Amino acid sequence: MTDTHHYHWPHKDLLDVTQLAPADVHHLLDLAETFREINSRPVKKVPTLKGKTVVLFFVENSTRTKTSFDMAGKRLSADTFSLGKAGSSLNKGESLKDTALTLQAMSPDVIVIRHSSSGAAAYLADLLPCGIVNGGDGWHAHPTQALLDSFSLRQVWGRDFSGKSLLILGDIAHSRVARSNMHLLHALGVRVRICAPRTLLPAGVEHWPVEIFSDLRQAVRDVDAVMCLRLQLERQQAGLLPDLSEYARRFCLGAEHLALAAPEARVLHPGPMNRGLEIANDIADAPACLVLDQVSAGVATRMAILYLLAMRNEGGTV
Ligand code: CP
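In this text the structure is predicted, and so the values were computed from the model without any measurement. (Residues numbered from 1 in each chain as written. Predicted model: local features only at pLDDT ≥ 70, side-chain atom pairs only at ≥ 80, totals over all residues. Heavy atoms only, no water.)

### Describing the pairing of strand E3 (residues 110-115)
In step 1: The buried count for E3 comes to 6 of 6 residues, which makes it a mostly enclosed element.
In step 2: Burial along E3 is two-sided: Val110, Val112 and Arg114 facing one way and Ile111, Ile113 and His115 facing the other are all buried.
In step 3: In terms of strand pairing, strand E1 (residues 53-58) meets E3 through 5 bridges, oriented parallel. In the strand pairing of E3, Phe58 is matched with Arg114.
In step 4: Pairing of E3 with strand E4 (residues 131-137) involves 5 bridges; the strand directions are parallel. Across the sheet, residue His115 finds its bridge partner in E4, namely Asp137.
In step 5: Chirality of the crossover, the property in question, places the unit of E3, helix H4 (residues 120-127) and E4 among those that are right-handed. (Buried < 20%, exposed > 50% of the residue type's maximum accessible area, 1.4 Å probe, protein only. Helix = DSSP H or I, 4+ residues; strand = E, 2+ residues; numbered from the N terminus. Pairing = 2+ DSSP bridges. Right-handed = clockwise from strand over helix to strand, strands pointing away.)

### What about the site of the ligand?
In step 1: With respect to spatial proximity, the complete set of residues near the ligand consists of Ser62, Thr63, Arg64, Thr65, Arg114, His142, Gln145, Pro270 and Gly271.
In step 2: Here an oxygen atom of the ligand sits 2.6 Å away from a polar atom, N or O, in the side chain of Ser62.
In step 3: Backbone polar atom of Pro270 to a nitrogen atom of the ligand: 2.9 Å apart, as the coordinates give it.
In step 4: Relative to its unbound accessible area of 260 Å², the ligand is 91% covered by the protein chains.
In step 5: Of the residues belonging to the shell around the ligand, the class tally is 1 nonpolar, 6 polar and 2 charged.
In step 6: Taken together, domain 1 (17-141 + 295-312) and domain 2 (143-292) each give at least three residues to the shell around the ligand, which thus spans both. (Near = heavy atom within 4 Å. Polar contact = N/O pair within 3.5 Å; in protein donor to acceptor, adjacent residues only side chain to side chain. Areas by Shrake-Rupley, 256 points an atom, 1.4 Å probe, with all protein chains shown as cover. Nonpolar A, V, L, I, M, F, W, Y, C, P; charged D, E, K, R; others polar. Domains from an automatic or database assignment.)

### Observations concerning the packing of aromatic side chains
In step 1: Under the criterion given, the structure shown has 3 aromatic pairs.
In step 2: With a centroid separation of 5.2 Å and an interplanar angle of 90°, the aromatic rings of Trp157 and Phe161 are classed as edge-to-face. The two residues Trp157 and Phe161 agree in class, both being buried. (Phe/Tyr/Trp six-rings, centres within 6.5 Å; stacked < 30°, edge-to-face > 60°.)

### Structural notes on the domain arrangement of the protein chain
In step 1: For the protein chain, the assigned domains read domain 1 (17-141 + 295-312) and domain 2 (143-292).
In step 2: Residue-level contacts link 33 residues of domain 1 with 27 residues of domain 2.
In step 3: Both sides of the domain 1 and domain 2 interface together cover about 2,600 Å² of buried area, and 60% of this is carbon and sulfur.
In step 4: Taken together, the connections running from domain 1 to domain 2 amount to 4 salt bridges.
In step 5: Linking Arg154 and Asp30 is a salt bridge whose minimum nitrogen-to-oxygen distance equals 2.7 Å.
In step 6: The tally of links between domain 1 and domain 2 comes to 12 residue pairs in polar contact (both at pLDDT 80 or more).
In step 7: At the level of elements, helix H1 (22-36), helix H2 (64-75), E3, E4 and helix H11 (291-310) are the ones that each hand at least two residues to the side of domain 1 that touches domain 2. (Contact = heavy atoms within 4.5 Å. Buried area = accessible area lost by both parts, 1.4 Å probe. Salt bridge = Lys/Arg side-chain N within 4 Å of Asp/Glu carboxyl O.)

Structural data, given as structure tokens:
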């Protein structure tokens, strides 16, 4: 555990994992461990954030991130409010700046934003005095997903990730999940591999601290975990993947691939899954697959994030 008497969370906002020191990450994940137990109580509510206000400003679709932030806030007794593009004045042409200033005028403590533009969360963080959480911005970053993924892996690997290896498989080019996980797992001592067709590798990938593969059977050999990514058909321009069945034949994780990984290797997927395209049906439903553990981890991890941002100027107790 981090020494909570000497540790002080220094961040107004959570924009990406690259802003976090290892002590920040360990403190946040330790805090999530303490909050996790609340989620299995008969009465899943504590008064920790009573009187605090959290706005869920989701301009892009979401099931897991939005719902788990909403539950996380409510279970800590914060008041949570949702605003999406549909039903908001963004649809009447109001700018992101004017919408954000309007929300700030109602004195929220934290705004969680998801937006299709990389940099949208950083823009709000510069503009507004309240805490901003990046719930996913374009292809750039998804820090809360990476943190909850590490929380899930801690339940299997323990606190020390050094010596572990993890393969990120699939549509790396369009994936904010891949970018945030690559940074965080590398910082925590994990040897990260990536595997994708050449057209789904991002520019500059040769500078990432990863091993790059194009053959899944080689990539998966002896790894301790595989993180499958959703093929982001909505972000792709024509021509990157002319044949989905050929993609599935080469890059869909199946039992025959997992057999080449380390014994007890686990499978992660941020969801939503395209079964049969990036992950085989039997793997998605296998005990080795942590997908639903990741969803549960999302509530505890986001409770910790809301707590740290909403209480950063107060010496509250958990
Ligand atoms: N993993 C993830 O961000 O899922 P949602 O798009 O459902 O929030």
